[in-house]
Amino acid sequence: MSTGLEAIADKEYIGRVIIIGQVNGHEVIAYAVTGRSESSRARVLKEDRNVIRTMPIDSETIKKGNPTLLLYDCIRHCGTTFIVSNGAQTSEITRETAEHHINHTYTMPRAVLNDVFRRPIILNGIDVTTYEPDAPNFTPRISGIITPQGAGMSLIEKFGEGVAQHYFDIPLVDGKGFMLATYAGKNVPSGERIPQHQGRPLDIGIAGTTPQEVACALYNALGPKEGTGIISPGQDFRVGVAAVFYNRKTNTMSNHIINRHEVSQ
């Protein structure tokens, strides 16, 4: 296990990132979004009624991309369950979780994720249970959930001409976290497919004991890169980072958000 965030600190571009873990009795969920395009970077993370979502800072620039893929809830909670993802599937996982609560069919997190992605769900013309239609990258959908029964993650990716679905049980161990990213970390020239994350979530240490410390550590690790193999030296791809801490014993939550757009003002 690497300590802190060395697992990503030397990678030029890893796209979107979710982290699930635990520290000092608090369950931890973190989300980071980076972007290479002008439209992708025309966003910030904002909290509204305990929902953290991507929001536009320039509606015209957002329209140069695909707003359906760029604007979404990235962290939500349903009762004592917390959901994180890189797209509109956040809302579908929340809905599935609510149904389990209503029907008192409390199942393991991995099973909840499996239920969500077992059939197509079309929102605004896009199937949110498969990879994103953003050729040539076909960005994977990454999702995570923490419930009273434990934690889980999923990765939905393009595989050949089809779709591969991967589900992971995530142990909650103090001081330990698991990170899943959309890309492997290698940047490529525009028009080429960005190499995608392969395998299980990365085993990392939780870098900090407060939402502020975790958010700052993640934000810093994603900063501009220099050196051999970097195709865009000094380029800052960061959009925003959010970290949420939840104490299940006291049912209390706190969060911290860092947006590049606001930091640079």
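Remarks on the pattern of salt bridges
Throughout the structure, instances matching the rule amount to 16 salt bridges. In this structure, R248 engages E27 in a salt bridge whose closest nitrogen and oxygen atoms are separated by 2.7 Å. Of this pair, R248 sits in the loop between β14 (238–247) and β15 (252–259) while E27 sits in strand β2 (residues 26–34); the two residues are 221 residues apart in sequence, bridging distant segments of the chain. The salt bridge partner of R238 is D236, with a shortest N-O separation of 3.0 Å. Taking the relative accessible area as the measure of exposure, D236 reaches 13% and is therefore buried. Within the structure, one salt-bridge network assembled from shared partners comprises D48, R53, D73 and R76.

Quick notes on the packing of aromatic side chains
Overall, the coordinates contain five aromatic pairs when judged by the stated rule. Arranged with centres 4.8 Å apart and planes meeting at 45°, the rings of F82 and Y246 form a pair that is tilted. With a gap of 164 residues between them, F82 in strand β6 (residues 81–85) and Y246 in strand β14 connect regions that are remote in the sequence. Neither residue differs from the other here; F82 and Y246 are each classed as buried. Of the aromatic side chains, those joined through ring pairs into one cluster are Y13, Y183 and F237.

Re the environment of G175
Within the secondary structure layout, G175 lies in the loop between β11 (162–170) and β12 (176–181). Here G175 falls in the partly exposed class, since its relative accessible area comes to 29%. Residues G175 and G205, spaced 30 residues apart in sequence, show a C-alpha to C-alpha distance of 6.1 Å. Once you skip the residues sitting within four places of it in the chain, G175 turns out to touch Q22, V23, G205 and I206.

The rules behind these values
Residues numbered from 1 in each chain as written. Predicted model: local features only at pLDDT ≥ 70, side-chain atom pairs only at ≥ 80, totals over all residues. Heavy atoms only, no water. Salt bridge = Lys/Arg side-chain N within 4 Å of Asp/Glu carboxyl O. Helix = DSSP H or I, 4+ residues; strand = E, 2+ residues; numbered from the N terminus. Buried < 20%, exposed > 50% of the residue type's maximum accessible area, 1.4 Å probe, protein only. Phe/Tyr/Trp six-rings, centres within 6.5 Å; stacked < 30°, edge-to-face > 60°. Contact = heavy atoms within 4.5 Å.

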